[in-house]
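Structural features, examined
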Amino acid sequence: ENLEYFLLASQEDQSFLFSLKTTWLEKLVSSKTPQFERLALFWLNHFSVNFNMYKQKHAFFKHIKFVRENSNKNFLTFLEGILVDPAMIVYLNNEKSFARNPNENLAREFFELFSLGEGKYGENDIKNFARHLSGNSINFVTEDFNLYRYKKSDETYSAFGKKYKNNKEFFRILKNHPAFGEFIAKKFYREYVELNEPSKEDLAYLVSYFK
């Protein structure tokens, strides 16, 4: 009976995933703005989660919806939203995090893969940010974001040598980081121009325009 239930649940999951893929493919084919669809795919790859890694399938749908709604909007708003995205929280195990014993996956991926790129931050930046994010979790009934205050700490932390107490202060520090914008500009260059590295002049222009 357990095996039969598992197989049935697996079939339902794959049917749901197939439905999501079909819906997106229909939009790719019928869209009057294919450049938006390519941009949305770029961000879906940038903020990637794995459908088969967890049981919260509707959170995955909400993740896709979140990506599409923000694909042509402000990047800082995008970054803020990904920290409260239920699919990303579960995928990177932040629901298991506590301030006294933080899970660093979300914090590490945020710096390395989402915002600044490898080598632009320190281990203390990750540890501090992980503690700051420790209350970010999910309601497993509704699959919506939920902040558990008993898991987090209201301490003042630091990033890149500057102190912050809340998200607003943290993102002010982040956007003033010397490397902010360079990582994303290079990804856009590889996606839309060529695989080779941009020249210093082109990169400086792209970063300035991005900011």
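Residues numbered from 1 in each chain as written. Predicted model: local features only at pLDDT ≥ 70, side-chain atom pairs only at ≥ 80, totals over all residues. Heavy atoms only, no water.

**Concerning the nonpolar core**
What counts is decided by this rule: Working definition of a nonpolar core: buried Ala, Val, Leu, Ile, Met, Phe, Trp, Tyr and Cys residues. They are joined through side-chain atoms within 4.5 Å. Remark: exposure states derive from per-residue accessible area (1.4 Å probe, protein chains only) relative to the maximum for the residue type, with buried under 20%, exposed over 50%, and partly exposed in between. Whether two residues are in contact is decided by their heavy atoms, any of which lying within 4.5 Å being enough.
Of all hydrophobic cores here, the largest spans 46 residues; its most connected members are Trp43, Phe47, Leu79, Phe110, Phe129 and Phe170. Apart from the residues within four sequence positions on either side, Phe47 is in contact with His63, Phe75, Phe78, Leu79, Ile82, Met88 and Phe114.

**A few points about the pattern of salt bridges**
How we decide: Every case where a carboxyl oxygen of Asp or Glu lies within 4 Å of a side-chain nitrogen of Lys or Arg is listed as a salt bridge. In DSSP terms, a helix is any run of H or I states spanning at least four residues, a strand is any run of E spanning at least two, and both are numbered starting from the N terminus.
For the structure shown, the criterion picks out eleven salt bridges. Two residues, Glu123 and Arg108, come together in a salt bridge whose shortest N-O distance is 3.1 Å. Placement of Glu123 in helix 7 (residues 123–132) and of Arg108 in helix 6 (residues 105–115) is noted, with a sequence separation of 15 residues between them. On the basis of relative accessible area, Glu123 is assigned to the partly exposed category, the value being 42%.

**Section: helix 3 (residues 57–70)**
As a reminder, the rule being used: In this scheme, a helix's expected span is set at 1.5 Å multiplied by one less than its residue total.
A rise of 1.5 Å per residue sets the reference length of helix 3, with its 14 residues, at 20 Å; its end C-alpha atoms lie 20 Å apart and thus fit the reference within 8%. What helix 3 keeps buried is the set Lys57, Ala59, Phe60, His63, Ile64, Phe66, Val67, Arg68 and Asn70.

**Considering helix 8 (residues 167–175)**
The line we're drawing: To be clear, the arc concerns the directions from the helix axis to the C-beta atoms. Any pair of N or O atoms that falls within 3.5 Å is considered a polar contact. Within protein, one atom must be able to donate a hydrogen and the other to accept it, and sequence-neighbouring residues count only if both atoms are side-chain atoms.
Restricting attention to buried positions, one finds in helix 8 the residues Phe170, Phe171, Ile173 and Leu174. Along the axis of helix 8, the buried residues cluster in a sector spanning 155 degrees; they form a single face. Residues of helix 8 that are buried sit in contact with helix 4 (75–82), helix 6, helix 7, strand 3 (157–159) and strand 4 (162–164). Backbone nitrogen of Lys168 and a side-chain oxygen of the N-cap are separated by 3.2 Å at the start of helix 8; the cap is Asn166.

**Topic: the side chain of Glu37**
Following the sequence through the fold, Glu37 ends up in helix 2 (residues 34–46). For Glu37, a relative accessible area of 4% puts it in the buried group. For Glu37, the contacting residues outside a window of four places in its chain are Trp24, Lys27, Leu28, Ser31 and Arg68.

**Focus: the side chain of Asp125**
Put simply, the test is: Charge counting follows a simple rule: Lys and Arg are positive, Asp and Glu are negative, and His as well as the terminal groups are ignored.
With respect to the secondary-structure elements, Asp125 resides in helix 7. No salt bridge is formed by the buried Asp125; its nearest oppositely charged neighbour, Arg108, is found at 10 Å. A polar atom in the side chain of Asp125 sits 2.8 Å from the backbone nitrogen of Gly122. Reaching out from Asp125, the side chain makes a polar contact with the backbone nitrogen of Phe160 at a distance of 2.9 Å.

**Points about the environment of Arg108**
Here Arg108 falls in the partly exposed class, since its relative accessible area comes to 25%. As a C-alpha pair, Arg108 and Asp125 span 17 residues in sequence and 8.9 Å in three-dimensional space. With near-sequence residues (within four places) excluded, Arg108 lies in contact with Glu123 and Ile126.

**Considering unusual backbone geometry**
Here the phi dihedral of Asn93 falls at roughly 65 degrees; this positive angle occurs in a residue that is not glycine. Turning to its location among the elements, Asn93 is positioned in the loop between helix 5 (86–91) and helix 6. Even without glycine at this site, Glu143 takes up a positive phi of about 60 degrees. Residue placement: Glu143 occurs in the loop between strand 1 (136–139) and strand 2 (144–147). Exposure remark for Glu143: the relative accessible area of 12% places this residue in the buried category.

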